[in-house]
Amino acid sequence: MNTEVEMNRKRKGNWITFPFIIGTMSCLTLANGGYLANLIVYLIVKFNVKSVDASQVVNKVYAGVNFSPIVGAIIADSFLGSFTVVAISSCFALLATLLMTLTSVIDSLRPKPCQIGLSICESPSEFQYAVLYGNLVLGCIGFGISRFVLASMGASQFDKPKDQASYFNWFFFGFYFFAVVAFTGLVYIQDHISWGLGFGICLGACFIALVVFLAGNKFYIHHKPKGSPFTGLAQVVVASIRKMKMKMPSDASATPDQHQLPPQLTNTFRFLNKATIETEGDKRPDGSIAKPWRLCTVQQVEDFKAFIRLFPIWSSSIIVGVEVGLLQGSLTILQSLVMNRRLGHLKIPAVTIVVVGLISSSICLTLIDSLFPWLWRKVMRKLPTPLQRVGIGHLVTALSMAVAALVEKRRLGMNNDKDVMSAVWLFPQLIVIGIGEAFNFPGQAALYYQEFPASLRSTATALTSLVVGIAYYLSTSFIDIIQDNTDWLPDNINHGRLDNVYWTLAALGIVNYGYFLCCAMFFNYKQNDEKAVHEICSDSAN
């Protein structure tokens, strides 16, 4: 009987689930890219939305896509489990692409096209707006939640830290690769062939993603949620405040976990340890906790410490997100619009130029998974840690801002009607920031997953998306501040000083890197994690 149980366990989880997870993610990424990459153009061309209003709508959609994963992750960790949340959110994505496809092929779901020579175009009706905004809300929920909860679900299929680290590398490689396909192939189809065909491919990709994901169900290890872990974290705060004037017993192990194996109370944030002090009435006769808001377990306290310990590291990535968002998004596109985008007989769409960064990230990720640990050990005489990988990402991202500033200064110096600078000059800054992304965001996801409590694993990986969402809002505020206080960003950037904007971002990146180093100096890995770090890096280096 025991042998049969063991055989069943071997048939579940680990790399046997990888084709289903990566197949689902790839199709969802392709659909998401085709759904969002050209959305601003679709709103202007097909829904007669003014360009400024269209950009505001797209801003809110991108914010929603990046904020919804944290909500989905909490639901997955606390109530429904990852499998159910991914399945439901994938259905939402399927409905969103279905509605978008219908708006592109059914005339009654769109306003009449603008007539040439008329300055005022027909606006969408209330019904048409309802259909449009309804599918955008579905898209924010479906695409935002599914991919990031899927990331943590995939990692939970592995027991060994080295396998989890390798999984995240390949997960993000697939993410970047299929984003490139969407930003090139699907954008071209939408612009030059048919909007209906472009969105129809997104619909087909969503359907395949759902089928592939459900087909792998019998191979997945399903981790059941145990209620909201945030309640336990809140109980630690309340219990430690209530007992803040009490003294810890000399035997710190005399806690509610005293008859169990480690974890043991650590010396970091020692004031929280008081939540484990037992007083009269805190426990029932059978030894269970009677008053959870007055007495907590060692595990609860140490989980909360892990949450606090990671917050400074996480916050240091917000500025990196601002830099990536501006360089990979609006600023580079603004530059490409006034540059020569022809490669032979082919003219590159302005939005497609950013795929250079995605390609750079994809290539770099394959090298990080295979070559980087070996090379680091040869140069530094020791193996790299997850924090060092994230730190490299911070520094390289700041460097990309300096490269962008130098390129823009050269462009402004040769700006004239006869000699327009080639958009190929934008490739170096995109390549460098792509390398920074490859080190930074996948490294963060692996670090958070490793360090967060098991009950918060989905939330841990969703924090990477939350960084992007916050950074997106801050980047908008940053541009507003620049425009309100300088003349660096006029409507025509040929008359401005975009290079100064990049130098400012480079300076912010260096200051932020200093902040990260301070955070890293005071960071301690969880108990026994140094061994896990060695296993990850040693296996990769070999």
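Throughout what follows, the structure given in this document is the object of discussion. Since the model is a prediction, treat every value here as computed from it, not as a measurement. (Residues numbered from 1 in each chain as written. Predicted model: local features only at pLDDT ≥ 70, side-chain atom pairs only at ≥ 80, totals over all residues. Heavy atoms only, no water.)

Thoughts on the packing of aromatic side chains
Each pair of aromatic rings is reported with the distance of its centres and the angle of its planes.
At step 1: Counted according to the given criterion, the structure contains 21 aromatic pairs.
At step 2: Arranged with centres 6.5 Å apart and planes meeting at 20°, the rings of Y513 and F516 form a pair that is stacked. Here the residue Y513 and the residue F516 both occupy positions in helix α18 (residues 498-521), the gap between them amounting to three residues, near one helical turn. Pair check on accessibility: Y513 and F516 agree, each one buried.
At step 3: An aromatic cluster is built from W15, F18, F158, Y167 and F171, whose rings are joined through pairwise contacts.
At step 4: The aromatic ring of F523 is capped on one face by R309, whose charged end is 5.9 Å from the ring centroid. (Phe/Tyr/Trp six-rings, centres within 6.5 Å; stacked < 30°, edge-to-face > 60°. Helix = DSSP H or I, 4+ residues; strand = E, 2+ residues; numbered from the N terminus. Buried < 20%, exposed > 50% of the residue type's maximum accessible area, 1.4 Å probe, protein only. Lys NZ or Arg CZ within 6 Å of the ring centre and 35° of its normal.)

As for the environment of S422
At step 1: Mapped onto the secondary structure, S422 falls in the loop between α15 (386-413) and α16 (427-451).
At step 2: Judged by relative accessible area, which is 24%, S422 ranks as partly exposed.
At step 3: Linking S422 and R411, residues eleven residues apart in sequence, is a C-alpha distance of 9.0 Å.

A closer look at the environment of T352
At step 1: Turning to its location among the elements, T352 is positioned in the loop between β2 (346-347) and α13 (355-370).
At step 2: A relative accessible area of 9% places T352 in the buried class.
At step 3: Sequence separation of T352 and T184 is 168 residues, and the distance between their C-alpha atoms is 5.9 Å.
At step 4: With near-sequence residues (within four places) excluded, T352 lies in contact with F183, T184 and V187. (Contact = heavy atoms within 4.5 Å.)

Section: the pattern of salt bridges
At step 1: According to the stated counting rule, one finds seven salt bridges in the structure shown.
At step 2: Residue D107 pairs with R110 through a salt bridge whose shortest N-O separation is 3.0 Å.
At step 3: Given a relative accessible area of 59%, D107 falls into the exposed group.
At step 4: When its relative accessible area of 13% is taken as the criterion, R110 is described as buried.
At step 5: With a closest N to O distance of 2.8 Å, D282 and K243 form a salt bridge. Of the two residues, D282 sits in the loop between α9 (229-242) and α10 (298-315) while K243 sits in the loop between α9 and α10, which places them 39 residues apart along the sequence. An identical accessibility class is assigned to D282 and K243; each is buried.
At step 6: Residues participating in the shared-partner salt-bridge network are K243, D282 and R294. (Salt bridge = Lys/Arg side-chain N within 4 Å of Asp/Glu carboxyl O.)

Keep in mind these values describe shape, not function.
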